[in-house]
Amino acid sequence: GYIIVGATIHPWEEGYTVPSPFYQAYIIRVTSDGTILFEKTIDDERTRAISRIIRTKDGTYAIAGSTSNPPDHDSDAYLALMSEDGTILWERAFGGEHYDSAFDLVEVESGGFAIIGETTRTESHPNQDIYLIRTDDAGEVLFEKSYGDKYTDSGHSISITRDGGFIIAGDGAFSLIRTDESGSI
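Described in the following lines is the structure provided in the data block. Because the structure is predicted, anything quoted here is derived from the model rather than measured.

1. Brief notes about the pattern of salt bridges
Then comes step 1: Evaluated as defined, the whole model comprises five salt bridges.
Then comes step 2: Among the salt bridges present, the one from Asp104 reaches Arg52, with a minimum N-O distance of 2.7 Å. Pair noted here: Asp104 is in strand β8 (residues 100-107) and Arg52 is in strand β4 (residues 47-55), with a separation of 52 residues, a long-range link.
Then comes step 3: A salt bridge links Glu140 to Arg92, with the shortest nitrogen-to-oxygen separation between them at 3.2 Å. Residue Glu140 is located in the loop between β10 (128-135) and β11 (141-147), and its partner Arg92 is located in strand β7 (residues 88-94); the two are separated by 48 residues in the primary sequence.

Take a look at the structure:
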């Protein structure tokens, strides 16, 4: 079958204390003939958008994207682990006081995940850098790295190299980066 992820606009409902509309993570799992196994939103008062989902070695799903708490517009990179039936097992947010987001992720052979996206350095320097986050199996940060120059850089794709490092593709001055397993270029 298939699993499809993205975001949906949540309509205003009585009882919600956030401005509406706002985005919620949207997940659909279907059989190979299109029969819906489940369809869900991650429904609370935080905004979430999912960029990538992968099936893990143990049969769960890892999700990467962005999350924020309206009415703030600064977002954080988002990682969650979901069971086969769509239950969120845990979720984590990464980043600083400004815009951060995740676009892709891989499961690392030694355990955990590597997530790639973008991060904003400071409010006075609003250009983004490529943002690499390496976690353990529970989503706890092992290390975070950023790569970039004075212009906007963004990481969109990540793969693991044969020696356990990472190859990152993006756009900007740093459009292709190869690192070792600790994220050093």
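2. What about the sheet that holds β10?
Then comes step 1: The four strands lie next to each other as β8-β9-β10-β11, forming an open sheet whose pairing is antiparallel. This sheet does not close on itself; its edge strands, each paired only once, are β8 and β11. Going from strand to strand, the sheet's axes swing by 20° on average, the running direction of each strand aside.
Then comes step 2: Pairing of strand β9 (residues 113-120) with β10, which is carried by eight bridges, proceeds in the antiparallel orientation.

3. Concerning the nonpolar core
Then comes step 1: Formed by 14 residues in total, the largest nonpolar core has its most connected members in Leu79, Phe94, Leu105, Phe113 and Ile115.
Then comes step 2: At three residues, strand β6 (residues 76-82) tops the list of elements feeding residues into this core.
Then comes step 3: Ranked by size, the runner-up nonpolar core spans 12 residues in total, among them Val106, Phe143, Tyr147 and Ile177.

About the criteria used
Residues numbered from 1 in each chain as written. Predicted model: local features only at pLDDT ≥ 70, side-chain atom pairs only at ≥ 80, totals over all residues. Heavy atoms only, no water. Salt bridge = Lys/Arg side-chain N within 4 Å of Asp/Glu carboxyl O. Helix = DSSP H or I, 4+ residues; strand = E, 2+ residues; numbered from the N terminus. Pairing = 2+ DSSP bridges. Axes fitted to C-alpha atoms, helices over the stretch in contact; angles between N-to-C directions. Core = buried A, V, L, I, M, F, W, Y, C linked by side-chain atoms within 4.5 Å. Buried < 20%, exposed > 50% of the residue type's maximum accessible area, 1.4 Å probe, protein only.

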